[in-house]
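Here is what each chain is made of, one letter per residue.
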Amino acid sequence: MSQIHPTAIVEDGANIGENVSIGAYSVIKAGVTIGSGTKIGSHTLIEGNTTIGEDNEIFSHAVIGSIPQDLKYNGERVELIIGNRNKIREFTLINPGTEGGGSITRIGNDNLLMGYVHIAHDVIIGNSCILANAATLAGHVVLGNGAVIGGLTPVHQFVKIGDLAMVAGASALSQDVPPYCLAEGNRAYLRGLNLTGLRRHLPIEDINALKSAYKRLFMSDKNYKDVAKELLKESQNKHVLNMAQFILESKRGIQFKRSNK
């Protein structure tokens, strides 16, 4: 049985699952679907064509599903889809998609969005990502699984960040970050592999293969996209192949400083 505070407003047309709790003065508008076991704190607004999965925790003063901050938006039907077991902390703002970007903003499972995080229109976030306080994703940004964005870091529109990559806090990212890499600075550039994250998720043989690939890609005199093509032909390691494919598909390019050390 759901627990809805008497001061909360749940409009007709909202679809509320079992065992959902909704805190004081929250507003859930028509068209919203909330899966079972989800907890919604006080003073939260959820609106639009928003679908939220099961067992999420949404803390107070979050605004979820409000119209895109895009001047081209003209009332088209757009969506926001959020998966399961996400933690969405205080004052987070999440917008749906736009017609020009596929009409959907999508967030996967088991993500942590800390306070004051902004997820703009048409963003795609994988699973098990962490966005620290006041991280800001502009429109059309894509995050792979296990990506980490440090606090107070803005990410430029259309940037892609690969699996298990990390962008350090107080950076400003305007170009892509390949899987498994660490970027830092304003403007941010590659500083190496995200070794702390890799040690938590991958065996040593995979880490060593990535170290070798990184040296060939970013610490030699060869064009890094030519090296990526070579790795696709030569490597048998799925993580190296993932990195090489990401690099070849990058549209915004990758910022790094060549080093022979």
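Higher on the page you've got the structure.
Residues numbered from 1 in each chain as written. Predicted model: local features only at pLDDT ≥ 70, side-chain atom pairs only at ≥ 80, totals over all residues. Heavy atoms only, no water.

Caption draft 1: Local environment of the nonpolar core. Membership of the largest hydrophobic core comes to 63 residues, with the highest contact counts inside it found for Ile64, Leu131, Leu143 and Ile161. Taken together, the elements giving at least two residues each to this core come down to strand 12 (79-82), strand 26 (181-185), strand 27 (188-193), helix 2 (204-218), helix 3 (224-234) and helix 4 (238-249). Sort the elements by how many residues they give to this core and helix 2 lands first, with six residues. Residues within four places of leucine 131 in sequence aside, it is in contact with Leu112, Leu113, Met114, Val117, Ile119, Leu137, Leu143 and Ile149. (Core = buried A, V, L, I, M, F, W, Y, C linked by side-chain atoms within 4.5 Å. Buried < 20%, exposed > 50% of the residue type's maximum accessible area, 1.4 Å probe, protein only. Helix = DSSP H or I, 4+ residues; strand = E, 2+ residues; numbered from the N terminus. Contact = heavy atoms within 4.5 Å.)

Caption draft 2: Inspection of the environment of threonine 44 at higher detail. If you trace the backbone, threonine 44 turns up in the loop between strand 7 (39-40) and strand 8 (45-46). Each C-alpha atom, one on threonine 44 and one on lysine 72, is 26 Å from the other, the two residues being 28 residues apart in sequence. Within the structure, threonine 44 has its side chain in polar contact with the backbone oxygen of glycine 41 (distance 3.3 Å). (Polar contact = N/O pair within 3.5 Å; in protein donor to acceptor, adjacent residues only side chain to side chain.)

Caption draft 3: The pairing of strand 27, seen in detail. Counting buried positions over the six residues of strand 27 gives five, a clear majority of the element. Taking the residues between adjacent antiparallel strands as the criterion, strand 26 and strand 27 are bridged by two residues. (Pairing = 2+ DSSP bridges.)

Caption draft 4: Highlighting helix 2. Over its 15 residues, helix 2 extends 21 Å from the first C-alpha to the last, a length consistent with the 21 Å expected when each residue adds 1.5 Å. Taken residue by residue, helix 2 has Asp206, Ile207, Leu210, Ala213, Tyr214, Leu217 and Phe218 as its buried positions. For helix 2, the angular spread of the buried residues around the axis is 125 degrees, confining them to a single face. Those residues of helix 2 that are exposed and aimed more than 90 degrees away from the buried face are Ile204, Glu205 and Lys215. Buried residues belonging to helix 2 abut strand 26, strand 27, helix 1 (195-201), helix 3 and helix 4. (Expected span 1.5 Å × (residues − 1). Arc of directions from axis to C-beta.)

Caption draft 5: Broad picture of the packing of helix 2 against helix 4. Between helix 2 and helix 4, whose axes approach to 9 Å, the crossing angle comes to 30 degrees. Put simply, helix 2 runs roughly parallel to helix 4. Relative to helix 4, helix 2 is oriented so that their crossing is right-handed. Residues Asp206, Ala209, Leu210, Ala213, Leu217 and Phe218 of helix 2 touch helix 4, and the partners they reach there are His239, Val240, Met243 and Ile247. Here the residues of the contact of helix 2 with helix 4 are counted per class, giving eight nonpolar, one polar and one charged. (Axes fitted to C-alpha atoms, helices over the stretch in contact; angles between N-to-C directions. Parallel < 35°, antiparallel > 145°, perpendicular 65-115°, else oblique. Left-handed = near helix turned anticlockwise from the far one by under 90°. Nonpolar A, V, L, I, M, F, W, Y, C, P; charged D, E, K, R; others polar.)

Caption draft 6: Quick peek at the pairing of strand 12. Every second residue of strand 12 is oriented toward a common face, the buried set being Leu80 and Ile82 and the non-buried set Glu79 and Ile81. Across four bridges, strand 9 (residues 49-52) lies against strand 12 in parallel orientation. Residue pairing in the sheet places isoleucine 52 in a bridge with isoleucine 82 of strand 12. Bridge count between strand 12 and strand 15 (residues 104-107): four bridges; the pairing is parallel. Paired with isoleucine 82 across the strands is isoleucine 107, a residue of strand 15.

The values are spatial; any link to function lies outside them.
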